[in-house]
Amino acid sequence: MKVLVVGSGGREHALVWSVARAGHTVYCAPGNAGISQVAECLDIEALDIPGLLSFARKGKVDLTVVGPEAPLVAGITDAFESRGLAIFGPSRSAARLEGDKAFAKELMQRYGIPTANFAVFEDMEKAENYVRNHKLPVVIKATGLAAGKGVTVARSFEEALNTLHDLMKIGKLGEAGKRVVIEEHLEGEEVSIIGLCDGKKLLFLSPSQDHKRLLDGDAGPNTGGMGAYAPVPIVNKAVFNQIIEEVFSPLLQALNKEGVEYRGAIYAGLMLTRDGPKVLEFNCRFGDPETQALVPLFPGDLAEACRQCALGDLTINLEPDLSGKHWALCVVAAARGYPGTYEKGLPISGNLTGGENTIVFHAGTKMVDEKVVTSGGRVLGVTGIGKTLSEARDRAYYGLGLIHFAGMHYRHDIGEKGLHYLNQRA
Ligand code: AMP
Ligand code: GLY
């Protein structure tokens, strides 16, 4: 089939790679330098819904797969479906699960889905009073989309009050931060569980673990994600079943009762606490960089699974591999200055083609005069695949070591928690 992937990051490169590998024709809007090696890149931005729609109609695209959240929250699925075009990704009202954190939290509360205790505020004074009586650390979240910049884990009252001031008074994140969720801080191990949903049934990908902080040992500021691996040893069969029973099953029932038909990827960011799994956030899409680790492990035709979900009739039935017959690990290389301001246009040299068990997924790259240059904060990610987690890690780091650009930096401890857990168990 003809598949259009919307987006331009590492996640989209991984999706494009998977669609092409299954023998489909792939287009990507707008794509990046790496994607242009496997797909026809279109000069259409991910948020240009009329432009995308027009291409899909004229180009007789069979399926559109949406990478980022913004077009989903803006209603790309409603626009495509109203013209009879198949698209993987939830409708605007279903995408509120990610686009409106207050909606997601209230839904979880109403239907008994475990999550951190919270309150929602629009009035800054009330928010300030609430925070003053809260124990530390306290977590403050903008309710709208904030491209990974909407969450503050405040360790002092001063930091918490400053955060409220920046969001609610100064409007640092615009409308997205005018309402806030204030919630208790959870302790535990974080995991990401992604299921593909046709409105009724779910097909789960392997559990994965992101590394959100910039620096080794989970230090430094939050980023969009500096690396990921899958599967996650701590998520054994019992934990996985508990997550399905306590989170995904009640979520599907909740959406159903609320009259929301959800067709697309449901991403649950979870904290495995002493009291069981609790939801940190839902996303309405594939994770980035989790997808760069998950896609090479997926044993079927991912595009076909997406098509079935889009049409509301998922028949592919695959169990995620929890025991780790194969492992994948992706390390992200970022530009100097990321997640703050960074330079662009720096030439990238070295082996960008990867190897048999190493895949180079581009994120912020573009082609200028037939040369690959940096064009984003997260520049690329190298995924290693192996029969053990350490083999996957060694391959990813070896592959990354063959690539260079000025100011390139990355974490050296991706997968460390998983390896530690495996060593303890041995
Ligand atoms: P998000 O942007 O919602 O993915 O949140 C960014 C990160 O903030 C998460 O990956 C967690 O590490 C952290 N976080 C969010 N909510 C909480 C919470 N209630 N307790 C502890 N950490 C949290
Ligand atoms: N990896 C986190 C996210 O995609 O939101």
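Computed from a predicted structure; not experimentally measured.

Caption draft 1: Looking closely at helix 9 (residues 237-257). In this model helix 9 runs 28 Å from its N-terminal to its C-terminal C-alpha over 21 residues, within 8% of the 30 Å that 1.5 Å per residue would give. At I244, helix 9 shows its maximal bend, which comes to roughly 35°. Residues of helix 9 that are buried in the fold lie against helix 5 (96-99), helix 6 (101-110), strand 10 (189-198), strand 11 (202-204), strand 16 (263-273) and strand 17 (276-283). Two to three positions downstream of the cap, the backbone nitrogen of A238 sits 3.1 Å from a side-chain oxygen, assigning the N-cap of helix 9 to N236. In the segment just after helix 9, G259 is the residue with positive phi, at about 75°.

Caption draft 2: Region of interest: the environment of A102. Residue position: A102 is located in helix 6. Overall, A102 belongs to the buried group, its relative accessible area being 0%. When the C-alpha positions of A102 and N283 are compared, they lie 13 Å apart, and in sequence the two are 181 residues distant. If near-sequence neighbours (up to four positions away) are discounted, A102 is found in contact with V120, T143, R179 and V181.

Caption draft 3: The site of ligand 2, seen in detail. Taken together, D210, K212, Y267, N283, R285, G287, D288 and E290 are the residues near ligand 2. Taking N283, its side chain carries an N or O atom lying 3.2 Å from an oxygen atom of ligand 2. Separating an oxygen atom of ligand 2 from a side-chain N or O atom of R285 is a distance of 2.8 Å. Contact with the protein chains covers 90% of the free accessible surface of ligand 2, which is 200 Å².

Caption draft 4: Seen up close, the side chain of R411. Along the chain, R411 turns up in the loop between strand 24 (403-404) and helix 13 (416-425). For R411, a relative accessible area of 1% corresponds to the buried category. Here the side chain of R411 touches R213 through a polar contact of 2.9 Å, landing on its backbone oxygen. Among the polar contacts listed, one links the side chain of R411 to the side chain of D218, at a separation of 3.0 Å. Ignoring anything within four residues of it in the chain, the contact list for R411 reads H211, R213, L214, L215, D216, G217, D218, M226, V331 and Y397.

Caption draft 5: The packing of aromatic side chains, seen in detail. The final tally for this structure, using the stated rule, is eight aromatic pairs. Consider the rings of F88 and F286, whose centres lie 5.8 Å apart with planes at 35°: the pair is tilted. With F88 in strand 5 (residues 87-88) and F286 in the loop between strand 17 and helix 10 (290-294), the pair connects residues that are 198 residues apart, well separated along the chain. Each member of the pair, F88 as well as F286, is classed as buried.

Caption draft 6: Looking closely at the site of ligand 1. Around ligand 1, a shell composed of 14 residues is seen, among which E183, L186, E190, K212 and E281 lie nearest. At 3.0 Å, a backbone N or O of E184 approaches a nitrogen atom of ligand 1. The backbone of L186 places a nitrogen or oxygen atom 2.8 Å from a nitrogen atom of ligand 1. Here ligand 1 has 480 Å² of accessible area as a free molecule, and 91% of this is covered by the chains. If you list the elements that add at least two residues to the shell around ligand 1, you get strand 7 (138-142), strand 9 (180-184) and strand 17. Of the residues contributing to the shell around ligand 1, the split by class is five nonpolar, two polar and seven charged.

Caption draft 7: View of the pairing of strand 1 (residues 2-7). The buried count for strand 1 comes to five of six residues, which makes it a mostly enclosed element. As judged from the six bridges shared by strand 1 and strand 2 (residues 25-30), these two strands associate in the parallel manner. Of the residues in strand 2, the one forming a bridge with V6 is A29. Note that strand 1 and strand 4 (residues 63-66) share four bridges and pair parallel. Across the sheet, V6 pairs through a bridge with V66, a residue of strand 4.

Caption draft 8: The arrangement of helix 1 (residues 10-21) in detail. With twelve residues, helix 1 should reach 16 Å at 1.5 Å per residue; the first-to-last C-alpha distance of 16 Å fits that figure. For helix 1, a buried count of ten out of twelve residues is recorded, marking the element as mostly surrounded by other parts of the structure. Inspection of helix 1 places G10, R11, E12, H13, A14, L15, V16, W17, S18 and V19 among the buried residues, and these make up the whole buried set. In this structure, the buried side of helix 1 is in contact with strand 1, strand 2, strand 4, helix 10, helix 11 (302-310) and strand 20 (358-362).

Caption draft 9: Local environment of the state of the cysteines. Counted by the stated rule, this structure contains zero disulfides. Here C28 stays free of any disulfide, with the sulfur of C41 as its closest cysteine sulfur at 5.4 Å. In this structure C197 is not part of a disulfide, and its nearest cysteine sulfur, from C309, lies 6.7 Å away. Take C197: its relative accessible area is 0%, and that puts it in the buried class.

Caption draft 10: Molecular detail of the sheet that holds strand 11. Strand order across the open sheet formed by four strands is 11-10-16-17, with antiparallel pairing between neighbours. Only two strands of the sheet have a single partner each, and these edge strands are strand 11 and strand 17. In this sheet, adjacent strand axes meet at a mean angle of 35° when their direction is disregarded. Sheet topology places strand 16 next to strand 17; seven bridges connect them, and they run antiparallel. Residue pairing for strand 17: T273 is matched across the bridge by G276. The sheet strands contacting helix 9 are strand 10, strand 11, strand 16 and strand 17, and the helix crosses strand 16 at an angle near 130°. Each of strand 10, strand 11 and strand 16 is contacted by helix 11, which is oriented at about 65° to strand 10, the strand it contacts most.

Caption draft 11: Seen up close, the packing of helix 7 (residues 124-132) against helix 8 (residues 157-170). Contact geometry of helix 7 with helix 8 gives a least axis separation of 10 Å together with a crossing angle of 165°. The angle between helix 7 and helix 8 falls in the class roughly antiparallel. At the point where helix 7 passes helix 8, the crossing takes the right-handed sense. Mapping the contact onto sequence places M124, A127, E128, V131 and R132 in helix 7 and F157, A160, L161, L164, H165, M168 and K169 in helix 8. When grouped by side-chain class, the residues that make up the contact of helix 7 with helix 8 number eight nonpolar, one polar and three charged.

About the criteria used
Residues numbered from 1 in each chain as written. Chains lettered and ligands numbered in written order. Predicted model: local features only at pLDDT ≥ 70, side-chain atom pairs only at ≥ 80, totals over all residues. Heavy atoms only, no water. Helix = DSSP H or I, 4+ residues; strand = E, 2+ residues; numbered from the N terminus. Expected span 1.5 Å × (residues − 1). Bend = angle between axes of the 7 residues up to and from the residue. Contact = heavy atoms within 4.5 Å. Polar contact = N/O pair within 3.5 Å; in protein donor to acceptor, adjacent residues only side chain to side chain. Buried < 20%, exposed > 50% of the residue type's maximum accessible area, 1.4 Å probe, protein only. Near = heavy atom within 4 Å. Areas by Shrake-Rupley, 256 points an atom, 1.4 Å probe, with all protein chains shown as cover. Phe/Tyr/Trp six-rings, centres within 6.5 Å; stacked < 30°, edge-to-face > 60°. Nonpolar A, V, L, I, M, F, W, Y, C, P; charged D, E, K, R; others polar. Pairing = 2+ DSSP bridges. Disulfide = S-S within 2.5 Å. Axes fitted to C-alpha atoms, helices over the stretch in contact; angles between N-to-C directions. Parallel < 35°, antiparallel > 145°, perpendicular 65-115°, else oblique. Left-handed = near helix turned anticlockwise from the far one by under 90°.

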